[in-house]
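An overview of the molecular structure
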Amino acid sequence: MKDIAPLIFVERTNFHEAWVIVLRNILGQGVQVILVDNRGEKNVIDSSQTIVFSGYALEQIRAGETHKDYPYLSTPTYCKEWTHGYLAKYQDLPKKNKPVYLAFERLAGYPASEGLAVDQLIFMRDSLKRQMDEGIVKNNCQAITWNPETDLESEASPFLQRIWARVYKEGKIDAHFYWRATDAYNHFQSRLICILNMFDREVVKPNSCRMVRAVCHYDSLYVNRCDASSAEAVGFPVTDPRLNYR
């Protein structure tokens with residue numbers, strides 16, 4: 001159906017190559033829609049994609065590498081927003097000076113009943129440890145960011161919606177990340193770098209485990225029409241083929 005966003009599957013062991021393929025999928029197969037968010041209306045080319053990273057791609061993400069043509073230059077600064085230190089500063093701000101939400105707070109201090117805050121990342125970390133200790137597998141090792149009480153009527157809500165993880169033999173972690181929406185040209189690589197490294201730091205490494213696969217489901221992965229020509233000009237990286245391992 002050409003009048004709705006295409007469903008596309010991508011699996012790569014090179015982070016930069018995956019980005020180029022994602023962009024070309026959108027430009028070649030995407031559907032044009034008018035998207036409304038907290039910045040108003042914008043014309044976009046939209047898609048729904050599932051991207052799977054393994055092997056060398058995860059090493060590139062851990063190292064914070066971005067494609068030479070990637071336009072967002074503040075990835076290290078943005079990654080600080082996914083730390084407990086930044087969260088503490090955010091929570092100390094007067095309410096009138098706070099952004100609508102902080103995504104990391106939804107994971108590390110989810111607003112629960114009676115004013116309590118739930119650290120879902122600690123739950124995930126402990127869940128994986130129990131599964132390894134007991135030699136079992138559970139399907140409830142997850143964390144969410146969506147809060148219906150505040151997000152249903154808001155035009156600014158977390159782009160990352162849920163994280164799910166499972167541990168296998170030898171401490172191998174399969175992690176799934178569910179995204180409401182992302183601007184593929186401007187934010188794809190930086191958001192993945194910050195969030196996957198946060199998850200590595202908070203959940204995976206404390207259990208002496210290793211993330212071997214990251215599956216990213218995007219309900220809406222789009223390119224702004226005004227960025228289409230720039231996105232089209234992004235070229236495939238020149239890399240050592242020996243690094244493209246699973």
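Provided above is the structure to which this section pertains.
Residues numbered from 1 in each chain as written. Predicted model: local features only at pLDDT ≥ 70, side-chain atom pairs only at ≥ 80, totals over all residues. Heavy atoms only, no water.

**With respect to the state of the cysteines**
One covalent bond between the sulfur atoms of two cysteine residues makes up a disulfide. For the structure shown, the criterion picks out one disulfide. Across the disulfide from Cys 79 sits Cys 194; the S-S distance is 2.3 Å. On the sign convention where negative means left-handed, the S-S torsion of about -90° between Cys 79 and Cys 194 marks this disulfide as left-handed. Within this pair, whereas Cys 79 is found in helix 3 (residues 75-79), its partner Cys 194 is found in helix 8 (residues 188-204), the two being separated by 115 residues in sequence. The closest cysteine sulfur to the non-disulfide-bonded Cys 141 is located on Cys 209, 10 Å from its own sulfur. Not part of a disulfide, Cys 216 finds its nearest cysteine sulfur in Cys 194, a span of 13 Å. (Disulfide = S-S within 2.5 Å. Helix = DSSP H or I, 4+ residues; strand = E, 2+ residues; numbered from the N terminus.)

**Structural notes on helix 1 (residues 15-29)**
Between its terminal C-alpha atoms helix 1 stretches 21 Å, which fits the 21 Å expected from 15 residues at 1.5 Å a residue. Check the buried side of helix 1 and you find it contacts strand 1 (7-12), strand 3 (40-54), helix 2 (56-62), helix 8, strand 10 (210-224) and helix 9 (228-232). N-capping of helix 1 is provided by Asn 14, with a side-chain oxygen placed 3.0 Å from the backbone N of His 16. (Expected span 1.5 Å × (residues − 1). Contact = heavy atoms within 4.5 Å. Polar contact = N/O pair within 3.5 Å; in protein donor to acceptor, adjacent residues only side chain to side chain.)

**So, the nonpolar core**
Residues Phe 53, Trp 82, Phe 177, Phe 188 and Phe 199 are the most contacted members of the largest nonpolar core, which totals 64 residues. Counting residues per element, this core draws most heavily on helix 8, at 10 residues. Ignoring sequence-local partners within four residues, the contact set of Phe 188 consists of Phe 15, Trp 19, Val 22, Ile 51, Phe 53, Tyr 70, Thr 182, Asp 183, Tyr 218 and Leu 221. (Core = buried A, V, L, I, M, F, W, Y, C linked by side-chain atoms within 4.5 Å. Buried < 20%, exposed > 50% of the residue type's maximum accessible area, 1.4 Å probe, protein only.)

**Concerning the environment of Ile 144**
As for its position among the elements, Ile 144 is in strand 6 (residues 142-144). Linking Ile 144 and Leu 160, residues 16 residues apart in sequence, is a C-alpha distance of 8.4 Å. Other than its neighbours up to four places away in sequence, Ile 144 contacts Arg 106, Leu 107, Tyr 110, Gln 120, Gln 161 and Arg 162.

**Focus on the pairing of strand 8 (residues 172-179)**
Of all eight residues in strand 8, six are buried; the element is thus mostly enclosed. Pairing geometry for strand 7 (residues 160-168) and strand 8, over eight bridges, is antiparallel. Residue pairing in the sheet places Val 167 in a bridge with Ile 173 of strand 8. Taking the residues between adjacent antiparallel strands as the criterion, strand 7 and strand 8 are bridged by three residues, where Glu 170 takes a positive phi near 65°. Relative to strand 10, strand 8 is paired through eight bridges, and the arrangement is parallel. The residue of strand 10 that forms the bridge with Ile 173 is Met 211. (Pairing = 2+ DSSP bridges.)

**Some points on unusual backbone geometry**
Phi is positive for Glu 170, close to 65°, though the residue is something other than glycine. With respect to the secondary-structure elements, Glu 170 resides in the loop between strand 7 and strand 8. Positive phi is not limited to glycine here, since Ser 208 has a value of about 55°.

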